[in-house]
Amino acid sequence: IYSEAREKASEIEQEAEENYTIEKQRMIEAEKKKIKSEFERKEKQVSIEKRIKQSNLQKEERLRVLKEREVLMQDMIAHTRTKLLNLSRDLPKYTTVLAGLIAQSAIELRIEGKPLVAIGLARDRAALNASLSEAKAKYKQATGKDLDIRVGDKTLPEDEMGGVIVHTVDDRIRSDNTFKAREEALLQELLPRFRNLLFNA
């Protein structure tokens, strides 16, 4: 009986040890999986955060470049406006420019034989009057016809930079050849080209 009891106790002890080893191994494996899963989760999180950071940096860089481009474009526009304002102060050159603008407007209007009116800034009245004979000559050269035009009593708003508006006597049909109108038209046409030339964008 004593021998059997010892044998039985040994079996129980061995079984308990095996169960302990299996349970220990199971717990180790479970902990390994848990650690691996946590590591993968953190690695994924770090990767996502890294991508977000890179994306934000790229976005910031793009915005900085766009801002610098816009500043450069605005500087170029401001420089052009300064040149136009300086031109309007050089009476001989400005008179020739006005003559060209008046002739161009009259040709664009395509109203032959009817009197037209040219209006400009109040300070440009002398230059406008001085430009009429040259404008008539340019019109005659381009169309072979005489141009009936005078300087109107109205004037352009003071926020204009210069140039001229030519219209019919009843002011129903007009051609806007002010510097501001020409600048807007040219900017719409040329800005994409300038951007491409300056920034290859």
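Residues numbered from 1 in each chain as written. Predicted model: local features only at pLDDT ≥ 70, side-chain atom pairs only at ≥ 80, totals over all residues. Heavy atoms only, no water.

Caption draft 1: Just helix α2 (residues 91–109), in detail. Counted at 1.5 Å a residue, the expected span for α2 with its 19 residues is 27 Å, and the 26 Å between its end C-alpha atoms agrees. For α2, the complete set of buried residues consists of Tyr94, Thr95, Leu98, Ala99, Leu101, Ile102, Ala103, Ser105, Ala106 and Leu109. (Helix = DSSP H or I, 4+ residues; strand = E, 2+ residues; numbered from the N terminus. Expected span 1.5 Å × (residues − 1). Buried < 20%, exposed > 50% of the residue type's maximum accessible area, 1.4 Å probe, protein only.)

Caption draft 2: Structural context of a negative patch on the surface. Side chains of Glu4, Glu7, Glu11, Glu13, Glu15, Glu17 and Glu18 sit close together on the surface and give a patch of like negative charge. Position of Glu18 relative to the elements: it lies in helix α1 (residues 2–89). (Patch = residues over 30% accessible without salt bridge, like charges linked within 9 Å, V, L, I, M, F, W, Y side chains within 5 Å. Areas by Shrake-Rupley, 256 points an atom, 1.4 Å probe, with all protein chains shown as cover. Salt bridge = Lys/Arg side-chain N within 4 Å of Asp/Glu carboxyl O. Lys, Arg positive; Asp, Glu negative; His and termini not counted. Charge placed at Lys NZ, Arg CZ, Asp CG, Glu CD.)

Caption draft 3: Region of the structure containing the pairing of strand β3 (residues 163–168). Within β3, six of the six residues are buried, which leaves it mostly tucked inside the rest of the structure. Looking at chain direction, strand β1 (residues 116–119) and β3 are connected through four bridges and run antiparallel. In the strand pairing of β3, Leu116 is matched with Thr168. Two successive antiparallel strands, β3 and strand β4 (residues 174–178), enclose a turn made up of five residues, where Asp171 displays a positive phi of approximately 60°. (Pairing = 2+ DSSP bridges.)

Caption draft 4: Structural context of the confidence of the model for the protein. Within the protein, residue pLDDT values average 86, and 94% of them lie at 70 or more. The secondary structure element of the protein with the lowest average pLDDT is helix α4 (residues 179–199), at 74, and the one with the highest is β1, at 95. (pLDDT = per-residue confidence, 0-100.)

Caption draft 5: Broad picture of the pairing of β1. Neither face of β1 is open: one carries Leu116 and Ala118, the other Val117 and Ile119, and all of them are buried. In terms of strand pairing, β1 meets strand β2 (residues 149–151) through three bridges, oriented parallel. Looking at the pairing, Leu116 lines up with Ile149 of β2. With helix α3 (residues 125–143) bridging β1 and its parallel neighbour β2, the resulting β-α-β unit is right-handed. (Right-handed = clockwise from strand over helix to strand, strands pointing away.)

Caption draft 6: Representation of the sheet that holds β1. On the basis of which strands lie adjacent, the open sheet formed by four strands has the order β2-β1-β3-β4 and mixed pairing. Unpaired on one side and paired on the other, β2 and β4 mark the two borders of the sheet. Mean inter-strand twist for the sheet, computed between neighbouring axes without regard to direction, equals 20°. Here β3 pairs with β4 via five bridges, running antiparallel. Pairing of Val164 across the sheet is with Asn177, part of β4. Sitting on the sheet, α2 is in contact with β1, β2, β3 and β4, with an inclination near 30° to β3. (Axes fitted to C-alpha atoms, helices over the stretch in contact; angles between N-to-C directions. Contact = heavy atoms within 4.5 Å.)

Caption draft 7: View of unusual backbone geometry. Positive phi, close to 55°, is recorded for Arg110, a residue that is not glycine. Relative to the helices and strands, Arg110 resides in the loop between α2 and β1. A residue is classified by how much of its surface remains accessible, and Arg110, at 73% relative accessible area, is exposed. Non-glycine residue Asp171 carries a positive phi angle of around 60°. On the accessibility criterion, Asp171 (27% relative accessible area) is partly exposed.

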